[in-house]
Amino acid sequence: MTEASRIIAGAILLTIVTIQFGGYFMTKIVRGQVPMTDFQKSFARAGHAHAGVLVILSLVGLLYVDQTSLSGAMLWVARLAIPVATILMSGGFFASSAGKDRTQPNQFLWVLWLGAASLALGVLTLGIGLIVA
């Protein structure tokens, strides 16, 4: 593993503590200790789930990125787009459902879609990079 991938992987592993806190917060939501609409509960679940799954995908991607022949900007896209998507997608779910008694997404829904674009860019770049290596 290259030094860059190792350092990024270490940073990603440190974010798991925030996901753990999110899990604790989810237990408060399901016990009714945090007042939320059904929409907000759904987006909280989705944000938490996306964070956990995409952190794992980010770590796996880092193992593969160093097996490609990518260089320059494309190497960094393959290395960072999935972790960035993790932040944007989970953050987009939370930000777009924030507010008292909200029953539909607010103006921050674009953050979620930006994350989806980052995820697509990252997995396409990494996948193609692996195929042509």
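Residues numbered from 1 in each chain as written. Predicted model: local features only at pLDDT ≥ 70, side-chain atom pairs only at ≥ 80, totals over all residues. Heavy atoms only, no water.

Scanning the chain from N- to C-terminus turns up five helices and zero strands. Ordered by position in the sequence, the α and β elements of the chain form the string α-α-α-α-α. Counting only C-alpha atoms, the chain reaches 50 × 25 × 20 Å along its principal axes. Long-range pairs, those at least 24 residues apart, make up 78% of the contacts in the chain between residues at least 6 apart in sequence. For the chain, the computed accessible surface area is about 7600 Å², with 71% contributed by carbon and sulfur atoms. Considering the chain, the positive charge centre built from 8 side chains and the negative charge centre built from 4 side chains are found 9 Å apart. (Helix = DSSP H or I, 4+ residues; strand = E, 2+ residues; numbered from the N terminus. Contact = heavy atoms within 4.5 Å. Areas by Shrake-Rupley, 256 points an atom, 1.4 Å probe, with all protein chains shown as cover. Lys, Arg positive; Asp, Glu negative; His and termini not counted. Charge placed at Lys NZ, Arg CZ, Asp CG, Glu CD.)

Attention now goes to the environment of Val65. With respect to the helices and strands, the residue Val65 is situated in helix H3 (residues 38–65). Put simply, Val65 and Ala44 are 21 residues apart on the chain and 31 Å apart in space, counted from C-alpha to C-alpha. For Val65, the contacting residues outside a window of four places in its chain are Ser5, Leu75, Ala78, Arg79 and Leu126.

Overall, the coordinates contain three salt bridges when judged by the stated rule. Across the pair Arg6 and Glu3 runs a salt bridge whose closest N-O atoms are separated by 3.8 Å. Taken together, the positions of Arg6 and Glu3, both in helix H1 (residues 3–14) and three residues apart, correspond to about one turn of that helix. Glu3 sits in the exposed class, given a relative accessible area of 54%. One salt bridge connects Asp101 with Lys100, and the closest N-O pair in it is separated by 4.0 Å. Taken individually, Asp101 and Lys100 each receive the classification exposed, so the pair is uniform in this respect. (Salt bridge = Lys/Arg side-chain N within 4 Å of Asp/Glu carboxyl O. Buried < 20%, exposed > 50% of the residue type's maximum accessible area, 1.4 Å probe, protein only.)

For the pair H1 and H3, interaxial distance at closest approach is 10 Å and the crossing angle is 170°. Taken as axis vectors, H1 and H3 run roughly antiparallel relative to one another. On H3, the residues that touch Ser5, Ile8, Ala9, Ile12 and Leu13 of H1 are Val55, Ser58, Leu59, Leu62 and Val65. Considered class by class, the residues forming the contact of H1 with H3 number eight nonpolar, two polar and no charged. (Axes fitted to C-alpha atoms, helices over the stretch in contact; angles between N-to-C directions. Parallel < 35°, antiparallel > 145°, perpendicular 65-115°, else oblique. Nonpolar A, V, L, I, M, F, W, Y, C, P; charged D, E, K, R; others polar.)

Where H3 meets helix H5 (residues 109–132), the axes come as close as 12 Å, and the angle between the chain directions of the two elements is 25°. The angle between H3 and H5 places the two elements in the roughly parallel class. Judged by the sense of rotation from one axis to the other, the crossing of H3 with H5 is left-handed. Contact residues: Phe43, Leu54, Leu57, Gly61, Tyr64 and Val65 in H3; Leu109, Leu119, Val123, Leu126 and Leu130 in H5. Tallied by class, the residues present in the contact of H3 with H5 amount to ten nonpolar, one polar and no charged. (Left-handed = near helix turned anticlockwise from the far one by under 90°.)

Honestly, it's all geometry; don't read function into it.
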